[in-house]
Amino acid sequence: MSLIKCPECDLQVSDKAISCPHCGYPMKQIEITNKGRGKAKPKHRRLPNGFGSITEIKNQNLRKPFRVMVTVGKTPLGRPIQKLLKPTAFFETYNEAYMALVEYNKNPYDLDSDMTVQELYDKWTDTYFENTTESSKRTITSAWAYCSSIYNMRAKDVRARHIKGCMDNGYRIETRGAKKGEKVFATASTKSRIKSLFNLMLDYALEYEIVDKNYARTFEISSDIIKEKEAAKRGHIIFTDEELKKLWDNVAQIKYVDWILIACYMGWRPQELAILKLSDTDLENWTITGGMKTDAGKQRTVPIHSRIRELVRNNYEYAKSIDSDYLFNDKGNTHSGSWKLTYDKYANRFNKVISSLDLNPAHRAHDSRKTFVTMAKKCGMDDNAIKAIVGHKSQDITESAYTERDIEWLRRDIEKIE
C-alpha cells in the first residue's frame, strides 16, 4: 500500500481507497468479484447533509443515468428541499456527477426563479449564522418572526412596499405569559432590525443572482421610527443601597435573586452569565472564567467575591444534581432538556424579581453590571482592575502591553467592595 494525493482536497489517501476519507471524492471504481454472484457495484462515500444527492436511474436505458439534485431550502419540519441541478442534471458517470455537485457547492447559484422568501432566508442563514454571534442570531430570528406575511412570496417579487409592510404591520403571536396567543406588533427597534435583516439577506440574493435589485436599500428608516426608537432608549440605572439590602434580605426566599447579586458582585453581562460553564468554575481557587462580545471580554478570569461564594456554590451543586454543563439553570422548568438558560429567560426572571420585591420598575437586566462598576469605583478599585474584570480594553499602552496582572491582584481589589 502507498499514499497518493486526492485530486479534490489534495490530502493523502491510500491507493487502495475507494473514496477519499477527507472529502468523499471517489478515487476509482473498484470491481469486487463475488464467486458465483458476478461483480459488486462500486461503493461511494455518503454525501454530507445538505450537500445534495446523486442517484443512478435504473431500468430506463439512459446514456446519462446519474442524476444530481441540490438542496435549495428546508421544509417547515426541517427536511431538505431538493431541485435538479441546472443547466445539466444528468451525467454518464458517478465521478462526473460528483464533480458537478462539488462545483455547485463551492459557489451556489440561483436554481429556481420561483424561490420563496422563506427558502431564501433558510439558504442565507445557513451561511450567515456560521460566522456570527448568538446575539446576532437572536436579533435576526426575532425580526424574522414579524415577516410571515411574505414568507411564501417569490423572492424576486419583493419590493420596498412589502418590506415596509412587515415593519409597519407585521406581528408575531406571543407564546407565553399573560398575553399568550395575542398579536405583538413591531417596536421601533424591531422595525429597524427588520430593515437590517432585509438589507443583508437581499445583498446575498443579489450576489447569487436570485434577485435583480436589493429593494431594502432603496429607502431609509423614517424619521418617525428614529424618533420612536430614541424615545424608547433608556440609560441603565444602578441598584441603590436600599435595593441591594432588599435583595440580600430575600435571597433565600425568592428564586433568582441570587443571580442578580452574583452579577452585581462580578460584573458579568446577562448573556455572559447565561453561558458560564461548570468546567470554568473553580471553587478551590474561587474564580470563574468566561465572557464574550469583545476580544478583551472573551475568556477572562474573574475572582468570586467572598460575599457571594455560597450563592455560587449552591448553583454549582444544583447544576451537578441535574447533570447540567452550565452553572446557572432555569429552576422554574423541570422538563427534561430545558434547563439551559438564555438571555431572554434571564431577563424574564430578572423582571419577576424586580416586580415581586417592588423595586424600581425601570430596572433592566444589564443594571447589575453598571451596579458592579459603580460600587467598584466608589470603594477605590484600580481602574485597570475594573476593566480586566468587566472585559473592557485598556487604552493605556503601558498597562495593556507591558503589565501582567495576576488573579490575586484582582481578588484583593474586588474584595474592596463591601
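One can find the structure itself at the top, above this paragraph.
Here the structure is a predicted model, which is why all the values come from computation and not from measurement.

Got a minute to help me understand the overall build of the protein chain in this structure?
When helices and strands are tallied, the protein chain shows 15 helices and 13 strands. The burial tally for the protein chain puts 42% of its 418 residues in the buried class. Within the protein chain, contacts between residues separated by at least 24 positions form 55% of all contacts whose residues are at least 6 apart in sequence.

How do you make sense of the pairing of strand β12 (residues 287–290) when you look at a structure like this?
When a strand is regular, its side chains alternate between the sheet's two faces. Both faces of β12 are covered, namely the face carrying Thr287 and Thr289 and the face carrying Ile288 and Gly290. Both strand β11 (residues 281–282) and β12 contribute to a ladder of two bridges, which runs antiparallel. By the bridge assignment for β12, Thr281 is matched with Ile288. Between β11 and the antiparallel strand that follows it, β12, lie four residues; Trp286 among them carries a positive phi value of about 55°. Of the pairings in the sheet, the one linking β12 to strand β13 (residues 300–303) comprises four bridges and is antiparallel in character. Note that in β13 the partner of Gly290 across the bridge is Arg300.

For this particular structure, what's the right way to read the pattern of salt bridges?
A side chain of one charge can pair with a side chain of the opposite charge if their charged atoms are brought near each other. Summed over all chains, the structure comprises 14 salt bridges. Residue Arg269 is joined to Glu272 by a salt bridge in which the shortest nitrogen-to-oxygen separation is 2.6 Å. The pair Arg269 / Glu272 is uniform in exposure class, with both members buried. Residues Arg349 and Asp330 are paired through a salt bridge, measuring 2.8 Å at the closest nitrogen-oxygen approach. Linking Arg349 in helix α11 (residues 343–356) with Asp330 in the loop between α10 (309–321) and α11, this pair joins segments that are 19 residues apart in sequence.

How should the packing of aromatic side chains be read in this particular structure?
In this description, a pair of aromatic rings is defined by centroid distance and the angle of the planes. Tallying each qualifying case throughout the model produces 14 aromatic pairs. With 6.4 Å between their ring centres and 35° between their planes, Tyr346 and Phe350 make a pair best called tilted. With Tyr346 and Phe350 both in helix α11, this residue pair falls four residues apart, about one helical turn. Of the two residues examined, Tyr346 and Phe350, each falls in the buried class. Linked through ring pairs, Tyr121, Trp124, Tyr128, Phe129, Trp144 and Tyr151 together constitute an aromatic cluster.

What exactly am I supposed to notice about the pairing of strand β7 (residues 80–84) here?
Inspection of the sheet shows strand β6 (residues 66–74) paired to β7 by five bridges, in the antiparallel sense. Paired with Val70 across the two strands is Lys83, which belongs to β7.

What is the right way to read the sheet that holds β11 from this model?
Working definition: the strands of a sheet are paired by backbone hydrogen bonds and lie parallel or antiparallel to each other. Within the open sheet, the three strands sit side by side as β11-β12-β13. Their pairing is antiparallel. Two strands lie at the open edges of the sheet, namely β11 and β13, each paired on one side alone. Running over the sheet, helix α15 (residues 407–414) touches β12 and β13 and is turned about 45° from β13.

Can you help me understand the packing of helix α13 (residues 383–390) against α15 in this one?
Two numbers describe a pair of packed helices, the interaxial angle and the distance between the axes. Across the interface, α13 lies against α15 with an axial gap of 10 Å and an inter-helix angle of 105°. As summarised for this structure, α13 and α15 are arranged roughly perpendicular, according to the angle between their axes. Residues Asn384, Ala385, Ala388 and Ile389 of α13 touch α15, and the partners they reach there are Trp409, Leu410, Asp413 and Ile414. Taken together, the residues of the contact of α13 with α15 break down into six nonpolar, one polar and one charged.

Mind showing me how you'd approach the nonpolar core here?
The nonpolar side chains of soluble globular proteins are, as a tendency, buried together. In this structure, Phe239, Leu247, Leu273 and Tyr346 are the most contacted members of the largest nonpolar core, which totals 52 residues. Of all elements in the fold, only α7 (241–249), α8 (257–266), α9 (270–274), α10, α11, α12 (367–378), α13 and α15 reach the threshold of two or more residues within this core. Looking at which element gives the most residues to this core, the answer is α8, with nine residues. Those residues in contact with Leu273, other than ones at most four positions away along the chain, are Trp259, Ile262, Ala263, Trp268, Phe328 and Tyr346.

Explain the side chain of Thr281 here, please?
Here Thr281 is to be found in strand β11. Reaching out from Thr281, the side chain makes a polar contact with the backbone oxygen of Lys277 at a distance of 2.9 Å. Contact partners of Thr281, with chain neighbours within four places excluded, come to Thr287, Ile288, Val312, Tyr316 and Leu327.

Explain a nonpolar patch on the surface here, please?
A cluster of nonpolar side chains, contributed by Leu62, Leu84 and Phe90, occupies part of the molecular surface with about 230 Å² of accessible area. Relative to the assigned elements, Leu84 resides in strand β7. Leu84 gets classed as partly exposed once you look at its relative accessible area, which sits at 39%.

Can you help me understand the side chain of Thr289 in this one?
As for its position among the elements, Thr289 is in strand β12. A polar contact of 2.8 Å, which involves the side chain of Thr289, links it to the side chain of Thr301. Not counting residues within four places of it along the chain, the set of residues in contact with Thr289 comprises Trp268, Leu276, Asp280, Gln299, Arg300 and Thr301.

Cut-off values and rules
- Residues numbered from 1 in each chain as written.
- Predicted model: local features only at pLDDT ≥ 70, side-chain atom pairs only at ≥ 80, totals over all residues.
- Heavy atoms only, no water.
- Helix = DSSP H or I, 4+ residues; strand = E, 2+ residues; numbered from the N terminus.
- Buried < 20%, exposed > 50% of the residue type's maximum accessible area, 1.4 Å probe, protein only.
- Contact = heavy atoms within 4.5 Å.
- Pairing = 2+ DSSP bridges.
- Salt bridge = Lys/Arg side-chain N within 4 Å of Asp/Glu carboxyl O.
- Phe/Tyr/Trp six-rings, centres within 6.5 Å; stacked < 30°, edge-to-face > 60°.
- Axes fitted to C-alpha atoms, helices over the stretch in contact; angles between N-to-C directions.
- Parallel < 35°, antiparallel > 145°, perpendicular 65-115°, else oblique.
- Nonpolar A, V, L, I, M, F, W, Y, C, P; charged D, E, K, R; others polar.
- Core = buried A, V, L, I, M, F, W, Y, C linked by side-chain atoms within 4.5 Å.
- Polar contact = N/O pair within 3.5 Å; in protein donor to acceptor, adjacent residues only side chain to side chain.
- Patch = residues over 30% accessible without salt bridge, like charges linked within 9 Å, V, L, I, M, F, W, Y side chains within 5 Å.
- Areas by Shrake-Rupley, 256 points an atom, 1.4 Å probe, with all protein chains shown as cover.

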